[in-house]
Protein chains: 2
Amino acid sequence: MREVMKKMDIEMKLRGFEDRCRHNGLKVTPQRTAVYKALIGTDTHPTAEKVCKIVRQDISSISLDTVNRTLLTLAEIGAAFQVEGTGQPRRFDGGLEDHQHFRCIKCGKIVDFHYEPFDNIEIPVHLQGQFQIMRKTVYLEGICQTCSATTSS
Amino acid sequence: MREVMKKMDIEMKLRGFEDRCRHNGLKVTPQRTAVYKALIGTDTHPTAEKVCKIVRQDISSISLDTVNRTLLTLAEIGAAFQVEGTGQPRRFDGGLEDHQHFRCIKCGKIVDFHYEPFDNIEIPVHLQGQFQIMRKTVYLEGICQTCSATTSS
DNA sequence: TACTATATAGGGCTTACTCTTATATTCTTA
DNA sequence: TAAGAATATAAGAGTAAGCCCTATATAGTA
């Protein structure tokens with residue numbers, strides 16, 4: 001019974017995915033579908049490399065480049081998203097005072113801001129047992145003024 | 001007057017930095033000091049590459065590897081830190097329901113959790129004009145159970 | 001001043017990605 | 001349902017970030 005439910009759920013998601021592709025003028029290819037399926041079938045926040053390995057069980061000839069490109073496409077059409085901050089070179093910060101970060105997804109710029117209520121977010125108790133938390137922050141992503149000005153022109 | 005204050009401030013930080021090095025059994029080298037100075041002299045969250053360019057104005061022969069290593073060292077002794085999530089391969093997430101991420105800084109594992117109060121953090125008004133915010137999340141870093149078990153042994 | 005431990009420069013290597021191009025596939029519309 | 005146009009894919013070369021190794025140099029110490 002459980003299994004049947006799961007299967008139906010996946011079928012529904014796939015249907016929705018195909019619609020989403022078409023609405024965005026994207027073709028529904030076996031590769032795209034397989035990448036999407038692999039991604040929703042895991043909760044491990046995989047890299048392109050890992051997704052590629054999974055997909056190759058079905059489509060052995062798929063290239064890593066296609067997987068990577070497809071994942072990026074999925075993020076663009078809102079069928080998935082990129083885990084915050086990953087995929088960029090390492091960056092450092094010499095400001096040790098309490099502050100938070102905003103990152104522009106177009107130009108990659110990181111801007112400090114400080115909003116006192118964010119300094120001491122309360123961590124739910126059930127996590128405190130599970131992890132040794134060393135850092136907690138509110139992290140914002142979006143488009144900065146410069147980039148939104150450039151885009152609209 | 002302002003300038004003088006700034007200079008004193010930097011001097012103080014440098015003094016503190018040297019102490020911090022010694023307390024951690026690290027030698028105070030011109031390279032280390034220069035990297036630290038470059039980092040606290042900017043608010044742009046630079047990559048190792050950028051810090052290297054700045055430092056080379058003083059020490060033209062410094063290698064990128066040294067800069068990178070030094071920045072990592074600064075983070076270890078708490079004289080700086082690494083911007084959350086940067087420096088890792090891109091990762092994707094197919095779960096579109098509201099949730100937040102914890103990332104283990106040892107093994108890199110990313111774990112989902114969900115704490116409803118975090119779903120709709122209020123963004124301060126002064127930021128709403130400045131940025132077009134597309135995503136906001138609470139992001140936690142620390143050490144997971146597996147890793148803290150391994151480390152203690 | 002000399003000795004020991006640690007740091008650095010340099011260069012080669014790996015990994016994660018990106019770009020280019022020729023071929024293949026989807027979707028449309030006639 | 002066949003043909004054409006637009007888009008996607010595979011493959012492979014190219015690039016950027018970061019890591020590792022080793023010989024030399026330097027800081028801290030006694």
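Shown above is the structure to which this text applies.
**Re the pattern of salt bridges**
- Scanning the entire structure with this criterion turns up 12 salt bridges over all chains.
- Note that Asp65(A) is salt-bridged to Arg69(A), the shortest N-O span being 3.7 Å. Of the two residues, Asp65(A) and Arg69(A) are both situated in helix α4 (residues 64-76); the distance of four residues between them amounts to about one turn of the helix.
- Accessibility expressed as a relative area gives 52% for Asp65(A), which makes it exposed.
- Since its relative accessible area comes to 44%, Arg69(A) is described here as partly exposed.
- A salt bridge links Glu141(B) to Arg103(B), with the nearest nitrogen and oxygen atoms 3.0 Å apart. Note that Glu141(B) is positioned in strand β5 (residues 131-144) and Arg103(B) in strand β3 (residues 100-104), a separation of 38 residues in sequence. Each member of the pair, Glu141(B) together with Arg103(B), is buried.
- Counted as one network, the salt bridges with shared partners bring together Glu84(A), Arg103(A), Glu141(A) and Arg135(B).

**Concerning the protein's contact with DNA strand C**
- Around DNA strand C sit 20 residues, and of these Lys27(A), Val28(A), Thr29(B), Thr66(B) and Arg90(B) come closest.
- Here a base oxygen of DNA strand C and a side-chain polar atom of Lys27(A) are 2.9 Å apart.
- At 3.0 Å from a phosphate oxygen of DNA strand C is found a side-chain nitrogen or oxygen belonging to Arg32(B).
- Those elements giving two or more residues to the surface near DNA strand C turn out to be α4 of chain A together with α2 (30-40) and α4 (64-77) of chain B.
- In terms of residue count, the dominant contributor to the surface near DNA strand C is α4(B) (three residues).
- When the residues that make up the surface near DNA strand C are grouped by side-chain class, the tally is five nonpolar, six polar and nine charged.

**Some words on the protein's contact with DNA strand D**
- As a matter of local geometry, DNA strand D sits amid 20 residues, with Lys27(A), Thr29(A), Arg32(A), Thr66(A) and Arg90(A) nearest to it.
- Backbone atoms, meaning sugar and phosphate, form 78% of the atoms of DNA strand D found within 4 Å of the protein.
- Between Lys27(A) and DNA strand D, the recorded distance is 2.7 Å, taken from a side-chain N or O atom to a base nitrogen.
- For the surface near DNA strand D, the secondary structure elements donating two or more residues are α2 (30-40) and α4 of chain A together with α4 of chain B.
- Tallying contributions element by element places α4(A) first for the surface near DNA strand D, with three residues.
- Its residues assigned to classes, the surface near DNA strand D shows five nonpolar, six polar and nine charged.

**A word on the relation of the copies chain A and chain B**
- The two copies are related by a screw motion: chain A maps onto chain B through a turn of 179° and a shift of 0.0 Å along the axis, at an RMSD of 0.2 Å. These values place the two chain copies in the arrangement generated by a two-fold rotation axis.
- Mapped onto chain B, 97% of the interface residues of chain A are again interface residues, and the two copies thus contact each other with one and the same surface.

**Some points on the packing of aromatic side chains**
- In total, this model carries nine aromatic pairs over all chains according to the counting rule given.
- Relative to Phe118(A), the ring of Phe113(A) lies with its centre 6.3 Å away and its plane at 80°, an arrangement referred to as edge-to-face.
- Judged by relative accessible area, Phe113(A) falls into the buried class, the value being 5%.
- Between Phe131(A) and Phe102(B), the aromatic rings sit 3.8 Å apart at their centres with planes inclined by 10°, giving stacked as the arrangement. In this pair, Phe131(A) sits in strand β5 (residues 131-144) while Phe102(B) sits in strand β3, so the two residues belong to two different chains. Just as Phe131(A) is buried, Phe102(B) falls in that class too.
- An aromatic cluster of three or more residues is present, and its members are Phe113(A), Tyr115(A) and Phe118(A).

**A short note on the interface of chain A and chain B**
- Each partner contributes to the interface: chain A provides 65 residues, whereas chain B provides 65 residues.
- Between chain A and chain B the total buried area reaches about 6100 Å² when both faces are included, carbon and sulfur atoms providing 61% of it.
- For the pair chain A and chain B, the interface holds four salt bridges.
- Here Arg135(B) ties to Glu141(A) by a salt bridge, and the two come within 3.3 Å at their closest N and O atoms.
- Ranked by the residues each element gives to the side of chain A that touches chain B, the list is headed by β5(A), at 14 residues.
- Here 13 bridges tie β5(A) to β5(B), and the two strands are oriented antiparallel to one another.

**What to know about the side chain of Thr137(A)**
- Inspection of the secondary structure puts Thr137(A) in strand β5.
- Judged by relative accessible area, Thr137(A) falls into the buried class, the value being 7%.
- Apart from residues lying up to four places away in sequence, Thr137(A) is in contact with His99(A), Gln100(A), Ile121(A), Glu84(B), Thr137(B), Val138(B) and Tyr139(B).

Cut-off values and rules
Residues numbered from 1 in each chain as written. Chains lettered and ligands numbered in written order. Predicted model: local features only at pLDDT ≥ 70, side-chain atom pairs only at ≥ 80, totals over all residues. Heavy atoms only, no water. Salt bridge = Lys/Arg side-chain N within 4 Å of Asp/Glu carboxyl O. Helix = DSSP H or I, 4+ residues; strand = E, 2+ residues; numbered from the N terminus. Buried < 20%, exposed > 50% of the residue type's maximum accessible area, 1.4 Å probe, protein only. Near = heavy atom within 4 Å. Polar contact = N/O pair within 3.5 Å; in protein donor to acceptor, adjacent residues only side chain to side chain. Nonpolar A, V, L, I, M, F, W, Y, C, P; charged D, E, K, R; others polar. Least-squares fit on C-alpha atoms with pLDDT ≥ 70 in both. Contact = heavy atoms within 4.5 Å. Phe/Tyr/Trp six-rings, centres within 6.5 Å; stacked < 30°, edge-to-face > 60°. Buried area = accessible area lost by both parts, 1.4 Å probe. Pairing = 2+ DSSP bridges.

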